[in-house]
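Topology and contacts: notes
Each chain, letter by letter, is given below.
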Amino acid sequence: MLFHTHGRTAPRYQLRWSKASEIKKNVKYVIDARDNFVAVIDRNGALIDEMRRVRNRIAHNNSQSRSHYREIVRRHYGAYLNNVTPGTLLLSQRVTPCLLDQYIRGARVLAKDLVKA
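In this report, the structure presented in the accompanying data block is examined. (Residues numbered from 1 in each chain as written. Predicted model: local features only at pLDDT ≥ 70, side-chain atom pairs only at ≥ 80, totals over all residues. Heavy atoms only, no water.)

Some details on the side chain of arginine 53
Quick reminder of the rule: Note on conventions: DSSP H or I runs of at least 4 residues are helices, E runs of at least 2 residues are strands, and numbering of each starts at the N terminus. Buried means the residue's accessible area, taken with a 1.4 Å probe over protein chains only, is under 20% of the maximum for its type, while exposed means over 50%, and partly exposed covers the values in between. N or O atoms closer than or at 3.5 Å make up a polar contact, with two conditions inside protein: a donor-capable atom paired with an acceptor-capable one, and, for residues adjacent in sequence, both atoms drawn from side chains. Whether two residues touch is decided by their heavy atoms; if any such pair falls within 4.5 Å, the residues are in contact.
When you line up the elements, arginine 53 lands in helix 4 (residues 45–59). On the basis of relative accessible area, arginine 53 is assigned to the buried category, the value being 12%. At 3.3 Å, the side chain of arginine 53 and the side chain of histidine 68 are in polar contact. If sequence neighbours within four positions are ignored, arginine 53 has contacts with His68, Glu71 and Ile72.

Description of the packing of aromatic side chains
We count it as follows: Here is the rule: rings of Phe, Tyr and Trp (six-membered ring for Trp) pair when centre to centre is within 6.5 Å. Planes less than 30 degrees apart are stacked, more than 60 are edge-to-face, and the remainder are tilted. Look at NZ for Lys and CZ for Arg. If either is within 6 Å of the ring centre and within 35 degrees of the ring normal, a charge sits over the ring.
Taken as a whole, this structure holds 0 aromatic pairs when the rule is applied. Directly above the aromatic system of tyrosine 69 lies the positively charged group of arginine 57, at a separation of 6.0 Å from the ring centroid. Seen from the ring of tyrosine 80, arginine 70 lies directly overhead, with NZ or CZ sitting 5.1 Å from the centre.

Brief notes about the environment of leucine 47
Along the chain, leucine 47 falls in helix 4. Overall, the relative accessible area of 21% leaves leucine 47 in the partly exposed class. Measuring from C-alpha to C-alpha, the distance between leucine 47 and alanine 33 comes to 20 Å, with 14 residues separating the pair along the chain. What leucine 47 contacts, discounting residues up to four positions off in sequence, is Tyr103, Gly106 and Ala107.

A short note on the packing of helix 4 against helix 5 (residues 63–77)
Formally: Here an axis means a line fitted to C-alpha atoms, over the contact stretch when the element is a helix, while the angle between two N-to-C directions is reported on a 0 to 180 degree scale. Any angle that falls under 35 degrees is termed roughly parallel, while one over 145 is termed roughly antiparallel, one within 65 to 115 roughly perpendicular, and all others oblique. Put simply, a crossing is left-handed when the front helix is turned counterclockwise from the back one by less than a right angle, and right-handed when it is turned clockwise. Residues are sorted three ways: Asp, Glu, Lys and Arg are charged, Ala, Val, Leu, Ile, Met, Phe, Trp, Tyr, Cys and Pro are nonpolar, and all the rest, Gly among them, are polar.
Two numbers describe how helix 4 lies on helix 5: the axes approach to 8 Å, and their chain directions differ by 125 degrees. In terms of axis orientation, helix 4 runs oblique to helix 5. The two elements helix 4 and helix 5 cross, and the hand of that crossing is left-handed. Residue-level contacts link Glu50, Arg53, Val54, Asn56 and Arg57 of helix 4 to Ser65, Arg66, His68, Tyr69, Glu71, Ile72, Arg75 and His76 of helix 5. When grouped by side-chain class, the residues that make up the contact of helix 4 with helix 5 number 3 nonpolar, 4 polar and 6 charged.

As structure tokens, this is what we get:
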């Protein structure tokens, strides 16, 4: 409950944790802006965003999630290819190591960095 109200003029009822900018807004009045946590979130914002976009494409089949996913495919393939599903993107050997392994390793590093003093 502290994240919703502490230090805020108006409560923040809808806490979202999938974008670096939203995470920073959520912790703004609870964690010091110079804290390691905020610095790690800043440094890893692109990874967090990319994983969110791929996840949303898997979870939601709507025009917005497809549009955001296209940008990720374009980034890794150089062009948008209609036949590149999230499974194909995550497991493709075109990118070495495959993106799924990169995301898992990135998440591990992110978690370890977040808890450093």
